[in-house]
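# Residue-level structural notes
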Amino acid sequence: MKKVLWISRHKLGSEAINELHRHFNDFIDITEKNILFAEDEKQSYQQLLDLSHDYDVIGGVFPAQLWLEILKHPEFTNQKELFVVVSKPVMAEDGKTRTFIFDHISFSKLNKS
């Protein structure tokens, strides 16, 4: 059984959960955590390490400073299966604020595990 950690303020929808079950042949246990990452990239990376030590698969919606630090540490993606959600873009008129819609399309793996 794979232990999956989803880190985001956005909950996994049923479509996303079903896709994870299909990908891992139903052998998963999903934990969701809503985390506010530190602004500092090293601190945010340490938060990720602290959160993820008991999990095999890590996914979520991460801030840019965390991605910058993950890219500096390929050993993390060698130890954990890492994925992100690919979502649909939402159109907006020039000068207007676009309405936020988080619509799941698929997961993209970031390593070869």
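Notes on the structure follow. Numbers given for residues are sequential positions, taken from 1 along each chain in its written order. Residue-level local features of this predicted model are given only where pLDDT is at least 70; pairs of side-chain atoms are given and counted only at 80 or more, and the full residue set underlies all totals for whole chains, interfaces and linings. Only heavy atoms go into the side-chain values, all of them from the structure, while hydrogens and water stay out.

Ranked by size, the top nonpolar core spans 13 residues in total, and within it I7, F37, L48, I58, F62, L66 and I70 carry the most contacts. Secondary structure elements are taken from DSSP: a helix is a run of H or I of four residues or more, a strand is a run of E of two residues or more, and numbering for both begins at the N terminus. Of all the secondary structure elements, the ones that give two or more residues to this core are β1 (2-7), α2 (41-52) and α3 (64-72). If you tally residues by element for this core, the top one is α2, at three residues. Should any heavy atoms of two residues lie within 4.5 Å, those residues are counted as being in contact. Excluding residues within four positions of it along the chain, I58 makes contact with L5, I7, L48, S52, F76, K80, E81, L82 and F83. Counting residues in hydrophobic clusters, the runner-up holds 10 residues, among them W6, A16, V57 and F83. Put simply, a nonpolar core is a bunch of buried Ala, Val, Leu, Ile, Met, Phe, Trp, Tyr and Cys residues held in one set by side-chain atoms that sit within 4.5 Å of each other. Three labels apply to residues, based on accessible area from a 1.4 Å probe with only protein chains included: buried if under 20% of the type maximum, exposed if over 50%, partly exposed otherwise in between.

Before going further, it helps to spend a moment on the packing of aromatic side chains. Stacked, tilted and edge-to-face are the three classes applied to pairs of Phe, Tyr and Trp rings, where Trp contributes its six-membered ring and a pair requires centres within 6.5 Å; stacked means planes under 30 degrees apart, edge-to-face means over 60, and tilted covers the rest. If you walk through the whole model with that rule in mind, you get four aromatic pairs. Taking 6.0 Å as the distance between ring centres and 20 degrees as the angle between the ring planes, the aromatic pair formed by W6 and F83 counts as stacked. You can see W6 sitting in strand β1 and its partner F83 sitting in strand β4 (residues 81-87), a full 77 residues away along the chain. No difference in accessibility class separates W6 from F83, as the two residues are buried. Relative to W67, the ring of F62 lies with its centre 5.2 Å away and its plane at 50 degrees, an arrangement referred to as tilted. Taking relative accessible area as the criterion, W67 reaches 21% and is therefore assigned partly exposed.

A few words now on the pattern of salt bridges. A side-chain nitrogen of Lys or Arg and a carboxyl oxygen of Asp or Glu constitute a salt bridge if their distance falls within 4 Å. The full count for this structure, using the stated rule, is three salt bridges. A salt bridge links K2 to E81; the nearest nitrogen and oxygen atoms lie 3.6 Å apart. Here K2 is found in strand β1, whereas its partner E81 is found in strand β4, with 79 residues between them in sequence. Overall, K2 belongs to the partly exposed group, its relative accessible area being 31%. For E81, a relative accessible area of 7% corresponds to the buried category. Residue K11 pairs with E32 through a salt bridge whose shortest N-O separation is 3.7 Å. Here K11 is found in the loop between β1 and α1 (14-23), whereas its partner E32 is found in strand β2 (residues 28-33), with 21 residues between them in sequence. On the basis of relative accessible area, E32 is assigned to the partly exposed category, the value being 31%.

The next point concerns the environment of I35. Looking at where I35 falls in the secondary structure, it is placed in the loop between β2 and α2. Accessibility expressed as a relative area gives 26% for I35, which makes it partly exposed. On a C-alpha basis, the gap between I35 and Q47 in space is 9.1 Å, while along the polypeptide they are 12 residues apart. Setting aside residues up to four positions removed in sequence, I35 forms contacts with I7, Q47 and L51.

In this section: the pairing of β2. Where β1 meets β2, six bridges bridge the pair, whose relative direction is parallel. Opposite V4, over in β2, you have I30 as the bridge partner. Note on handedness: a crossover is taken as right-handed if, strands pointing away from the viewer, the path from the first strand over the helix to the second is clockwise. Note on the crossover from β1 through α1 to β2: the handedness is right-handed. Any two strands are treated as partners once DSSP identifies two or more bridges connecting them.

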